[in-house]
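Remarks on the overall topology
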Amino acid sequence: MSQEVSSNLRTGFCIYIDTLCQGPVPVVSDGEDKYIVFETELEAQREIVDHTMIRLRQFLEGERDFDDAITVEEYVVPVTVHPDGVITDEDGNCFGPRVQ
């Protein structure tokens, strides 16, 4: 988490996708059912690129369709992290601390 907003709030960046039912939601978790909040936008962007490279390799190895491999649905959103682990974005959406 990066810049301190107040003594109890921090800012950072999450990776989101748009869903049909829930709208925009964070998608990267730590395996412990908590969303990952990156300290910098660049760090989050690099995570998206890493994931994209994996999909492209899978296409080259015949494990994934071309359209699926080249489609990037993830994007970076600035968020505020609250002391209880809840994250909120600038649209007022609240998530966590558990993946639902």
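A brief report on the enclosed structure follows. Keep in mind the model is a prediction, meaning the values are calculated, not measured. (Residues numbered from 1 in each chain as written. Predicted model: local features only at pLDDT ≥ 70, side-chain atom pairs only at ≥ 80, totals over all residues. Heavy atoms only, no water.)

**Description of the overall build of the protein chain**
Keep this limit in mind: Going along the chain from the N terminus, every DSSP run of H or I of four or more residues is numbered as a helix, and every run of E of two or more is numbered as a strand. Contacts are residue-level and defined by heavy atoms, with any inter-residue pair within 4.5 Å sufficient. Using the Shrake-Rupley algorithm and a 1.4 Å probe, accessible areas are obtained, with residue cover drawn only from the displayed protein chains.
Counting its regular elements, the protein chain contains 2 helices and 5 strands. Across the protein chain, every contact between residues at least 6 apart in sequence was considered, and the portion connecting residues at least 24 apart equals 53%. Split by element, the accessible area of the protein chain, about 6,800 Å² in all, is 49% carbon and sulfur.

**As for the pattern of salt bridges**
This is how it is decided: Every case where a carboxyl oxygen of Asp or Glu lies within 4 Å of a side-chain nitrogen of Lys or Arg is listed as a salt bridge.
Tallied over the entire structure, the rule returns 2 salt bridges. Among the ionic pairs, Asp 68 bridges to Arg 64, the shortest N-O distance being 2.6 Å.

**Here's the deal with the sheet that holds strand β4 (residues 87–89)**
Note the following rule: Note: two strands are recorded as paired if DSSP finds a minimum of 2 bridges between them.
Taken together, the 5 strands give an open sheet; going across it, the order is β2-β1-β3-β4-β5, and neighbouring strands pair in antiparallel fashion. Only two strands of the sheet have a single neighbouring strand rather than two, namely β2 (23–26) and β5 (94–95).

**Some thoughts on the packing of aromatic side chains**
Put simply, the test is: Here a Phe, Tyr or Trp ring, Trp counted by its six-membered ring, pairs with any other such ring whose centre lies within 6.5 Å, and the pair is stacked when the planes are under 30 degrees apart, edge-to-face when over 60, and tilted otherwise. Exposed residues in this analysis have more than 50% of their type's maximum accessible area, buried residues have under 20%, and partly exposed residues fall in between, with area computed by a 1.4 Å probe over protein chains only.
This structure, assessed with the given rule, holds 4 aromatic pairs. Taken together, a centroid distance of 5.9 Å and an interplanar angle of 90° make the contact between Tyr 16 and Phe 95 edge-to-face. Of this pair, Tyr 16 sits in strand β1 (residues 10–19) while Phe 95 sits in strand β5, and the two are 79 residues apart along the sequence. Exposure remark for Phe 95: the relative accessible area of 14% places this residue in the buried category. Arranged with centres 5.4 Å apart and planes meeting at 65°, the rings of Phe 59 and Phe 66 form a pair that is edge-to-face. An aromatic cluster is present here, built from Tyr 16, Tyr 35, Tyr 75 and Phe 95 joined pairwise through their rings.

**Details of the pairing of β1**
Direction of pairing for β1 relative to strand β3 (residues 75–81): antiparallel, over a ladder of 7 bridges. Bridge pairing in β3 links Cys 14 to Val 77. Where β1 and β2 come together, 4 bridges link them in antiparallel fashion. Each bridged residue has a counterpart across the sheet, and for Thr 19 the counterpart in β2 is Gly 23. Hairpin geometry of β1 and β2 is characterised by an intervening segment of 3 residues between the two adjacent antiparallel strands.

**As for the pairing of β3**
Within a regular strand, side chains alternate between the sheet's two faces. Pairing of β3 with β4 involves 3 bridges; the strand directions are antiparallel. Pairing of Val 79 across the sheet is with Asp 89, part of β4.

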